[in-house]
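Structure assessment
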Amino acid sequence: MSATTPIQHGHSRTLFWIAVAVSVLMFAPMAWVLVLSFTDNEALSRGTEAAFTGPYTLKNYTDIAGNSGVFRWFVNSLIVGAGQTAGVLVLSSLAGYAFGRLEWPGRKVIFVIVLFGLAVPEQAVIIPRHQIFSTLDLHNTYIGLMLPGMSLPFGVFLMTQFFRAIPPEIDEAALLDNATRWRIFWKVLLPLTLPAQATLGIFTFLFAWNDYWWPLISATDKDMYTLTIGIASSQVNFAQTEGLGFLAAQAVFAALPVLIVYIIFQKHVVTAVSGGAVK
Amino acid sequence: MAAPHRQSRLSNALFAAPYLVVFIALLVVPLIWGIYLSLQKADLFGLYGFTGWTNYARVLNDALFWQSVRNTLLFVVVTVPILVGIGLFLGLALNARTGGAAFMRGVYFSSTVLSVTIVTLIWRFVFIPGDGLLSLAFQAMGWQPIGFLSTEGWSLFSVGVATVWWCIGLPMILILAALQQIPGDLYEAAALDNASRWRTFTRVTLPQIRGTLILVATIQIVMQFQLFGQAQLMTNGGPNGTSRPMVLYIYRAAFENWDVGQGAAASELLFLIILVAAMGQYWVTSRGPRT
C-alpha cells in the first residue's frame, strides 16, 4: 500500500495549474511550425503573418512526396534505425545474460570497465572512429552508420539488470537437468525479457533516428544522409530556402514518426530513461 | 558460494564476447587512439610523426579556444541549474495519478524525443528576424525587434532557450521517479506534526530526493558541456564566435580544417574538464548533512 500512496502526498493543485499554463511555451513553437507547414508558400514569402490568415494548402506536403531527397533520407533513417536496434538487442541480450546470470573469471572487473564506458563522451572517440572507418572504407555505408551505436554500454547495463532480476528458481531446474547454457538462454530466459527488449529496442531506435554528429561526418554523400542530416542540410541556407512552408512541412514530416512511436510506447520510453538511473 | 551448477567457467564468457569485441573496437581503441593522435602531427589522411605536447600548446595558445571554453562554461553554469530547477518544479507539480498530470508529463517529455535538427528548425522559426514568431509578437506589441540569432549576447541565450526546451524531459522524469519512491509514512508523520507544506517540502521531500537531484545535475553537466548541434545549426557559433561551444571548436578543427591532431588535443582537454566538473560537482553536493 505504502508503495503507491505517496504519489498524492504533498501534491499541490496550484503547482499543477502553473505547469499547465507554462506548457503553452512547449506547445507554441510546435504549433507555429505546424501552421506554417499548411500555409501557402507564396503568401509566406510576402510575410509570415500569412500563417494567421491563409490561404492554407497541402502543397508543402505533396512537394515532399515529389522530392526524392527527403523520401530517400526517410528510408535511410529507417534502415539505420532498424539495423542498429537489432544489433544492440542481440549484443546486449547475450552480454546481459553473461554479466547478470553466469559466473566466469574476470566478470566483475570487465563489467566495471564496461560501465566506465558510459562516462565516455562522444567527442573523445569520434575523431579516431572517423579514421578507423575511413581505413575500412565504411563511410557512406549503412553498416558504417549503424556500428558506433552498438558499442554503447547502456543496453548491456539495462539487460544485465533485467537478467539479474529474474528469480533464480526459473533456470534452476534446467541447470540441474544439465541443459546447455545456450538452451537455457534461448528457451527459458530470453522469452522472459521480452518487455525489456521492447523498452531497449524503442529507446535505441529513437536514439539512432535522432543521432546527429556521427552521420554528419560519416554520411557525406547526399544519397546516404539520414533524415536528421538531410533536414540539417535543408536548413543551412534558411533564408534562400525553397520556401518556409516547405521547410516547416519537412520538420513535421521528420518529427511525426518519433512522436507517434513516443505516443504509442510512452511507458517503454520513460522506463528506459528512468530505469537506467533510478531503481 | 555458488551451487555447483552455477560454477565459474571461461566458456560462459562467450556470451559476452560479441559485445566486448564491438566495445573494444569502437570505444576502447578509439579512446586510447585519441590520446595517441593528440600527440601526433596528423590530418585526416595520415600521421606525420610524434610532436609531443605541440598540439596542446597550439590549442592552449588559441584565443578562439579560450573563447569557446568561456562560452561553454557560461552555458553550463546557466542551463544546468535552470534544468534542475524546472525539472524539480515539474516533478512536484505533475506527481499525481490523474489523467491531466499524465497528459502534462507527456507534453513536457515530448520535445526530448525530437532530433536536434527538428528542435533547431522549430526554434529558428521562432527566432528569425522579420518572419519569426517572436518577431511578429514584438511587432504586434510595437517593440523594437531583436536579431536573436545574430546579436552578441542574444545568440548564446537563444541556443540556451532551445536547449532547455529540448532537454527538460529527462530531469522531470528522473525527479518524478524519485518522488514516487518516498515512503508515504514520512508524509503521514509530518501531517501528524502539523508541519506546514513548505516545512514538509524542505524536511521530508528534499532530503529524500537529494541523491537524485545530484545525479540529475551530474547528467546535465556532462550533457551540456557537449553542446554542439544546437549551436552549429542555430548560430554556427556566431556572431564573432560568441556562441561557439568547445565541441564546435573541435568539430571545426578536425572536420573542417582537417587538423586532426589539434582536434584530438582539444577533445582530450574537454574530456578532462567534463571529468573534473562532474566529479567536483559530485564532491561538493554530496558532502554536508545527510539524513
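What you see is a predicted model; the values in this text were computed from it and never measured.

Rules of the game
Residues numbered from 1 in each chain as written. Chains lettered and ligands numbered in written order. Predicted model: local features only at pLDDT ≥ 70, side-chain atom pairs only at ≥ 80, totals over all residues. Heavy atoms only, no water. Helix = DSSP H or I, 4+ residues; strand = E, 2+ residues; numbered from the N terminus. Rg over C-alpha atoms; globule rule 2.2 N^0.38 Å. Buried < 20%, exposed > 50% of the residue type's maximum accessible area, 1.4 Å probe, protein only. Contact = heavy atoms within 4.5 Å. Areas by Shrake-Rupley, 256 points an atom, 1.4 Å probe, with all protein chains shown as cover. Lys, Arg positive; Asp, Glu negative; His and termini not counted. Charge placed at Lys NZ, Arg CZ, Asp CG, Glu CD. UniProt positions renumbered as here; feature names shortened; annotations may be inferred. Domains from an automatic or database assignment. Buried area = accessible area lost by both parts, 1.4 Å probe. Polar contact = N/O pair within 3.5 Å; in protein donor to acceptor, adjacent residues only side chain to side chain. Nonpolar A, V, L, I, M, F, W, Y, C, P; charged D, E, K, R; others polar. Core = buried A, V, L, I, M, F, W, Y, C linked by side-chain atoms within 4.5 Å.

**Side note on the overall build of chain B**
Helix and strand content of chain B: 13 helices and two strands. For 291 residues, the compact-globule formula gives about 19 Å, and the C-alpha radius of gyration of chain B, at 24 Å, lies well above that figure. For chain B, the C-alpha atoms occupy an extent of roughly 80 × 75 × 35 Å along the three principal directions. In chain B, buried positions account for 55% of the 291 residues. In chain B, of all internal contacts separated by at least 6 residues, the share reaching a separation of at least 24 is 69%. Just so you have it, chain B exposes about 12,900 Å², and 68% of that area is on carbon and sulfur atoms. Chain B carries 16 positive and 10 negative side-chain charges, and their two centres are separated by 10 Å.

**Regarding the UniProt feature "transmembrane region" (unreviewed entry) in chain B**
All names here are of chain B. The UniProt entry lists residues 12-36, 73-94, 106-126, 154-179, 209-228 and 264-284 under the feature "transmembrane region" (unreviewed entry), expressed in the numbering used here. Annotated as residues 73-94, this span is 95% helix and 0% strand, and its ends, taken at the C-alpha atoms, are 31 Å apart. For residues 209-228, the helix share is 85%, the strand share is 0%, and the end-to-end C-alpha distance is 30 Å.

**A few points about the domain arrangement of chain A**
All names here are of chain A. The assigned domain composition of chain A is domain 1 (5-60) and domain 2 (69-275). Distance between the C-alpha centres of domain 1 and domain 2: 31 Å. Every contact between the two is made by nine residues of domain 1 and, on the other side, nine residues of domain 2. Both faces considered, domain 1 and domain 2 share a buried interface measuring about 630 Å² in area, 77% of it formed by carbon and sulfur atoms. The tally of links between domain 1 and domain 2 comes to two residue pairs in polar contact (both at pLDDT 80 or more). Counting only elements with at least two residues in the side of domain 1 that touches domain 2, the list comes to helix 2 (24-37) and helix 3 (41-45). Top element by residues in the side of domain 1 that touches domain 2 is helix 2. It accounts for four residues. Across the side of domain 1 that touches domain 2, the residue classes tally to four nonpolar, five polar and no charged.

**Topic: the nonpolar core**
Ranked by internal contacts, the top residues of the largest apolar core, which has 176 residues, are Phe99 and Trp213 of chain A together with Leu94, Leu114, Trp123 and Phe125 of chain B. Mapped onto the domain boundaries, this core takes at least three residues apiece from domain 1 (5-60) and domain 2 (69-275) of chain A. Leave out the neighbours within four places in its chain, and Leu114 of chain B touches Met30, Asn210, Ala255, Val258 and Leu259 of chain A together with Val119, Ile122, Trp165 and Trp166 of chain B.

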